[in-house]
Amino acid sequence: MADFIRRLPVYLLLDCSGSMMGEPIEAVRQGVKALLSELRSDPQALETAYLSVITFDSSARQITPLTELIQFKEPEISAGGATALGGALNVLIDCVNNEVRRTTETQKGDWRPLVFILTDGSPTDIEAFNQAAEKIKSLKAANIIACAAGSNADTSYLKQITESVLMMNTLSAGDMAQFFAWVSGSIKMSSQSLDAKPGRAIQLPPPPQGFIVVP
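A brief structural summary. Numbers given to residues run from 1 along each chain, matching the order in which its sequence is written. At least 70 in pLDDT is required for a residue's local features to be given in this predicted model, at least 80 for side-chain atom pairs to be given and counted, and no such filter applies to totals for whole chains, interfaces and linings, which use all residues. As a rule here, side-chain values cover all heavy atoms of the structure and leave hydrogens and water aside.

1. Observations regarding the pattern of salt bridges
Let me state the cut-off plainly: Between Lys or Arg on one side and Asp or Glu on the other, a salt bridge is scored when a side-chain nitrogen of the former is within 4 Å of a carboxyl oxygen of the latter. Secondary structure counts use DSSP, requiring at least four H or I residues in a row for a helix and at least two E residues in a row for a strand, with both numbered from the N terminus. In this scheme, a residue with accessible area under 20% of its type's maximum is buried, one over 50% is exposed, and one in between is partly exposed, where area comes from a 1.4 Å probe on protein chains only.
For the structure on display, the rule yields 5 salt bridges. We note a salt bridge from Lys-188 to Glu-38, for which the minimum N-O separation is 2.6 Å. Taken together, the positions of Lys-188 in helix α6 (residues 173–192) and Glu-38 in helix α1 (residues 23–40) put the pair 150 residues apart, joining distant regions of the chain. A relative accessible area of 18% places Lys-188 in the buried class. Among the salt bridges present, the one from Asp-57 reaches Arg-61, with a minimum N-O distance of 2.9 Å. Taking relative accessible area as the criterion, Asp-57 reaches 15% and is therefore assigned buried. Residues participating in the shared-partner salt-bridge network are Arg-7, Arg-101 and Asp-110.

2. Notes on the environment of Val-32
Mapping Val-32 onto the fold places it in helix α1. Take Val-32: its relative accessible area is 2%, and that puts it in the buried class. Separated by 149 residues in the primary sequence, Val-32 and Ala-181 have C-alpha atoms spaced 9.4 Å apart.

3. Some points on the sheet that holds strand β6 (residues 164–168)
Rules: Two strands form a pair only when DSSP identifies at least two bridges running between them. Should any heavy atoms of two residues lie within 4.5 Å, those residues are considered in contact. Every angle, taken between N-to-C directions, lies between 0 and 180 degrees, and every axis is a line fitted to C-alpha atoms, over only the stretch in contact when it is a helix.
If you trace the 7 strands from one edge of the open sheet to the other, you get β3-β2-β1-β4-β5-β6-β7, paired in mixed fashion. Because the sheet does not close on itself, it has two edges, and the strands there are β3 (60–68) and β7 (212–213). Pairing of strand β2 (residues 49–56) with β3 involves 6 bridges; the strand directions are antiparallel. If you follow Thr-55 over to β3, its bridge partner there is Arg-61. Of the strands in this sheet, β1 (8–15), β2 and β4 (114–119) are in contact with α1, which crosses β1 at around 170 degrees.

This is how it looks when you write it as structure tokens:
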């Protein structure tokens, strides 16, 4: 029977490059922990949201496949290396194609995935990024929200893959905690409004104080 539950797939793409070492990556770990705790306390999210984590440094990988919240184990996250954001987008495209169930004649597929990208820099694999950015546009299968963290983050690349780009000024634990709280709020809000017209842009809560929506 569980096979027929329409899931809300959520993908977190987390920058684990060398510039995230120290306090920022620890704040990401704490953020994922808080996100899980928050979502597990929400009956609607618990029933519909499935979570996956993709990390990227010099390469990109899916470290947690799409998993229901109750089974989800906190991933091991460490920082070092470059910023293969293009690689991460390619991994995301493969995951969405392989994990997200399509609607068929006999059953409805999953809801459109929610994708949250967190990066503090700009892609170091430009060629792969440019190719992936084109593919992402044609995918049109997901709601993508990107957050540029800190003063070195380049929003121009993120704008190539989504209209929804947030800027946070610092990589401090406080800002990071606010970001993950906002992500969990967005997932909860989405899981409650799933029966709205499919294909419509999702409604997100207003961004945290001090965060800027990049025009």
